[in-house]
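Structural overview
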Amino acid sequence: MIVTRSWLNEWIDLDGISTDDLVKTLNSIGLEVDRVHSYQIPGKIIFGKVIECEKHPDADKLNVCKVDIGTSVRQIVCGASNVRTGLDVVVATIGATMPGGLVIKPVKLRGIDSEGMICSAGEIGLEDCQSGIIELDDSVGSYTLGQEVSQNPIFSDELIEIELTANRGDCLSIRGIARDLSAAFDRDLKEKPFNEKQDRRIGIGRILSLAHHKDLNVNLRYKAVDLENLSLPFIIRLRLAQIGEKRETDIESIMLYATHSSGVILRTYNYDFFCPQNKTIAKLELIEDENGYACISGKEKASTIGIMQEDASRVTYTQGTVLIEASYIPPDLISKKMATHKIPSGPMYYRTSRGSEPELNQGLGYCLNLIEANSTSSIFGGNIELCDSYEDKIVSVCKKEIDEIIGANIDKVKITKILKNLGFNTSKSQADSFVITVPRFRHDIVNKQDIIEEIVRLVGIDNIPSKPFVFTEKNKLEDDYFAYKKRRIYRHKAANSGFFESVHFVFDEKKVLNEYGFGTTKEELELLNPIVNTLDTLRPTLMTGLLKAASQNHKNGYASIKLFELGSVFSPLREESLKMAILFSGCKENESLSNSGKPAKVDFGFFAQKVSDIIGAFELREHTTKHSLSHIYQCAEIVIDSVAVGELFRVHPNVQESYGIDTTYICEVDFSKLPFTLSTAKKTSKYQASYRDLSIIMPNNMAYAKLKSVIEANASEELIHFYPVDRYSDASLGENVSLSIRFVLQSHEKTLEEEDITSSMDSILDALKNDLGIGLR
């Protein structure tokens, strides 16, 4: 947002306030100043008046001018096409040093003496705002011939560029900035009312009508002007150039200037565009287009309110009837529509979507004052308006809450004055309670915290007394801490086991997930605006992401790939849960002398041990996955303390081939089911442990789980651990297999003797024979 000091001074009295203080105040109230530029007109550049202007006798494009500079009349040769008798101009006199370094000296141009230079805006260090030399008028204020231009506040101005946050659309105007400054400096805001003289004006109802059939949440107000002899004053040309804007016609330039100054969105329409053939009354109609936008229509669509005006409805003439529209539409409404149904937008959409000024009367009045002051136009009496239904936003906050949040006691009178100057209504407030009506232009204020932030902003953070920090220690070991610590521990365990962490988006490709049999988000809950087509749904698993990462690593030449990820997955109902996935692909180890450069491939047992190093001891049991990533013969369910926590399997060869990877094993576990408790010390025997291996003949189709449950039920106190170590089968065994199981026995009381070990083994063998009908090989 660009402002100038003189422009601000039209809305708030800045007398006695230096530009440095102005900039400091803007920064302190949250309107961050990005840059300041001072216009410094060199000395000996003065105001003058062309009293004679004749063609150069020896040059078609030059004019010989007699210029009154107050103390004398100088002859100056000028090449500007717009120089003429009676024109007030800016003159660089002899000895003046121009901003570009040129020193003005007496010269002869085609044989004619020239004592100075009649200047354009660009030549004296201002923005080029018109073709040719500067044409001075009353808009720059009073001056005398011969007075130095640098003494005029319009020419020796300061330009201030302010970086606004997204929520401060109310400051996208000179009036909006001045309103905040009025609260900061406790100075009244200057209003610009339009004093309509009804007795000499034709009523607008004679030439214009507005029809609407539906409430589209817009505010509209129309005036009509019989345009005649409109001349754009120098100050408007200059200020539009300073903000980097330009329009094709003078009337559109007036609208832009009034919009930037007042904050009200203003637009002009060609009157004839709305007149049916052979009719004298223009008929405007407010309609809703196919995308739900509010539009103004005549013979055809004239504009989309707040977004775009059609070229056919624009004013291209300088004489005739013009319709002026002031509009307001809630910024959240138009932004949401643009997000769902994007259409081409015009230059005013940025203001509308950020929040324009809803007080349409003051913007229209400001605009009409400019037209009356700079033309002989006639303004039709009255106006035609359409107002939406709006319910005031009320925020209540007590004085005690304000003081507690700020940390200081702010005088109630000061708070009331700040809020009033910012446009808030506090008339319903009581003793120690503020009942605040939020002005419509502050759509960003929604709760008491926002109100208090406004108070702090205007009081100034530096003006709030510092207090010593009071800290009362609390127990920080809450659920969030333990959840963080659990994740940290398991991530570190995986890293210490040689696995690298892989991090992916929480999105995945729906087509691939469906192909492998994973349930994806229900259609009505699906992403409305995916980042890309390959990330078009919330992921139900971490495994496909790890497979993609493994594929990329394999393409980069890695023979042994060890990855893990800990992250969120989502059910079809978008229920979030935390899972951990571990992947091992390729070789068990890198090539080395010990393996003769031919490392073995990872296998089921090796991978299961690696997973156990990370998540702790677990058991495996027969399992069939619901998806098609797994190998049907190398798949198991992971069980910890009799609770199924996940699955472990070899990736199906077809899947390996599609991802271009080597032999791969993967597991995925429910992270919430992994143990995370305080470590407890257990008594350990000081006596030697004994080992005994038994080879059991059992049916080929008998599950190990049956065998295990019988052994556990009949184990003696001395049996502390047992596990299978070998499985053997041949033709002589027929439908049976030989399973070798190693038993570890140890006593806390003594070193076990042979009869103790034998007794323990016999009780297990008897139970196996009686319950399962199996025995020693």
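Our structure's up above, just so we're on the same page.
What you see is a predicted model; the values in this text were computed from it and never measured. (Residues numbered from 1 in each chain as written. Predicted model: local features only at pLDDT ≥ 70, side-chain atom pairs only at ≥ 80, totals over all residues. Heavy atoms only, no water.)

For an α-helix, 3.6 residues make a turn, and residues three or four places apart therefore share a direction. Among the residues of helix α9 (residues 399–406), those classed as buried are Lys-399, Ile-402, Asp-403 and Ile-406. Take α9 and look down its axis: the buried residues cluster within an arc of 95°, on one side only. The outward face of α9, more than 90 degrees from its buried face, is lined by the exposed residues Lys-400 and Glu-404. Those residues of α9 hidden inside the fold are in contact with β21 (393–398), α10 (412–421), β22 (433–438) and α11 (448–459). One or two steps after α9, the chain reaches Gly-407, where phi turns positive at roughly 85°. (Buried < 20%, exposed > 50% of the residue type's maximum accessible area, 1.4 Å probe, protein only. Helix = DSSP H or I, 4+ residues; strand = E, 2+ residues; numbered from the N terminus. Arc of directions from axis to C-beta. Contact = heavy atoms within 4.5 Å.)

A surface patch of nonpolar side chains, about 400 Å² in accessible area, is lined by Leu-477, Tyr-481, Phe-482 and Tyr-484. Note that Leu-477 resides in the loop between α11 and α12 (479–496). On the accessibility criterion, Leu-477 (46% relative accessible area) is partly exposed. (Patch = residues over 30% accessible without salt bridge, like charges linked within 9 Å, V, L, I, M, F, W, Y side chains within 5 Å. Areas by Shrake-Rupley, 256 points an atom, 1.4 Å probe, with all protein chains shown as cover. Salt bridge = Lys/Arg side-chain N within 4 Å of Asp/Glu carboxyl O.)

Okay, the packing of helix α4 (residues 234–242) against helix α5 (residues 250–262) next. Two elements in contact, α4 and α5, have axes whose closest approach is 10 Å; the angle formed by their N-to-C orientations is 65°. Seen along the crossing, α4 lies across α5 with a hand that is left-handed. For the pair α4 and α5, the contacting residues are Ile-236, Arg-237, Arg-239 and Leu-240 in the first and Asp-250, Ser-253, Ile-254, Leu-256 and Tyr-257 in the second. The class makeup of the residues in the contact of α4 with α5 is five nonpolar, one polar and three charged. (Axes fitted to C-alpha atoms, helices over the stretch in contact; angles between N-to-C directions. Left-handed = near helix turned anticlockwise from the far one by under 90°. Nonpolar A, V, L, I, M, F, W, Y, C, P; charged D, E, K, R; others polar.)

Taken as a whole and judged by the stated rule, the model has 37 salt bridges. Asp-88 is the salt-bridge partner of Lys-49, the closest N and O atoms lying 3.2 Å from each other. Here Lys-49, found in strand β3 (residues 45–55), pairs with Asp-88, found in strand β6 (residues 88–92); they are 39 residues apart in sequence, far enough to count as distant. The class for Lys-49 is partly exposed, based on a relative accessible area of 30%. Among the residues examined, Asp-88 registers a relative accessible area of 16% and is labelled buried. The shortest N-O distance in the salt bridge between Arg-442 and Asp-170 comes to 3.7 Å. Residue Arg-442 is found in the loop between β22 and α11, and its partner Asp-170 is found in the loop between β10 (158–163) and α3 (174–185); the two are separated by 272 residues along the sequence.

A few words now on the sheet that holds strand β26 (residues 560–570). Pairing between sheet strands relies on hydrogen bonds along the backbone, with the strands arranged either parallel or antiparallel. The strand order across the open sheet formed by seven strands is β23-β26-β27-β31-β30-β29-β28, and the pairing between neighbours is mixed. Of all strands in the sheet, those with a lone pairing partner are β23 (500–501) and β28 (619–622), marking the two edges. Two elements, strand β27 (residues 576–586) and strand β31 (residues 664–670), share seven bridges in a ladder whose sense is antiparallel. Note on β31: the bridge partner recorded for Ser-585 is Thr-664. Packing of helix α14 (residues 543–555) onto the sheet brings it into contact with β26, β27, β30 (643–651) and β31, and relative to β26 it is tilted by some 150°. (Pairing = 2+ DSSP bridges.)

Attention now moves to the environment of His-341. Within the secondary structure, His-341 is located in the loop between α6 (331–340) and α7 (349–354). Given a relative accessible area of 38%, His-341 falls into the partly exposed group. Counting along the chain gives 392 residues from His-341 to Leu-733, while the straight-line C-alpha distance between them is 74 Å. When sequence neighbours within four positions are dropped, the list of residues in contact with His-341 reads Asn-291 and Tyr-293.

Looking now at unusual backbone geometry. Positioned with a positive phi, Asn-217 is a non-glycine residue whose angle comes to about 60°. Tracing the backbone through its elements, the reader meets Asn-217 in the loop between β11 (208–212) and β12 (219–227). Classification of Asn-217 by relative accessible area gives partly exposed; the value is 32%. With a phi close to 55°, Ser-596 is a non-glycine residue in the positive phi region. Within the secondary structure layout, Ser-596 lies in the loop between β27 and α15 (604–615).

Ranked by internal contacts, the top residues of the largest apolar core, which has 103 residues, are Ile-124, Phe-155 and Ile-177. For this core, the element with the most residues is helix α8 (residues 360–373), which contributes seven residues. Those residues in contact with Ile-124 that lie beyond four places of it in its chain are Ile-41, Pro-42, Ile-45, Val-90, Met-98, Pro-99, Cys-119, Ile-134 and Phe-155. By size, the runner-up hydrophobic cluster in this structure holds 32 residues, among which are Cys-275, Ala-302, Ile-307 and Leu-386. (Core = buried A, V, L, I, M, F, W, Y, C linked by side-chain atoms within 4.5 Å.)

Next up on the list: the packing of aromatic side chains. By the definition in use, this model includes 15 aromatic pairs. Where Tyr-481 meets Phe-482, the ring centres are 5.5 Å apart and the plane angle is 70°; that geometry is what we call edge-to-face. Residue Phe-482 is classed as partly exposed on the basis of its relative accessible area of 37%. On the numbers, 5.9 Å between centres and 90° between planes, the contact of Phe-499 with Phe-584 is edge-to-face. Here Phe-499, found in the loop between α12 and β23, pairs with Phe-584, found in strand β27; they are 85 residues apart in sequence, far enough to count as distant. Overall, the relative accessible area of 0% leaves Phe-584 in the buried class. An aromatic cluster of three or more residues is present, and its members are Trp-7, Trp-11, Tyr-257 and Tyr-366. (Phe/Tyr/Trp six-rings, centres within 6.5 Å; stacked < 30°, edge-to-face > 60°.)

On to the sheet that holds β11. The mixed open sheet is built from five strands, whose spatial order is β11-β14-β15-β16-β17. If you trace the sheet from one side to the other, it starts and ends with β11 and β17 (308–309), each paired once. Judged from the three bridges that link them, strand β15 (residues 294–297) and strand β16 (residues 301–304) form a sheet pairing that is antiparallel. What sits directly across from Ile-296, in β16, is Ser-303.

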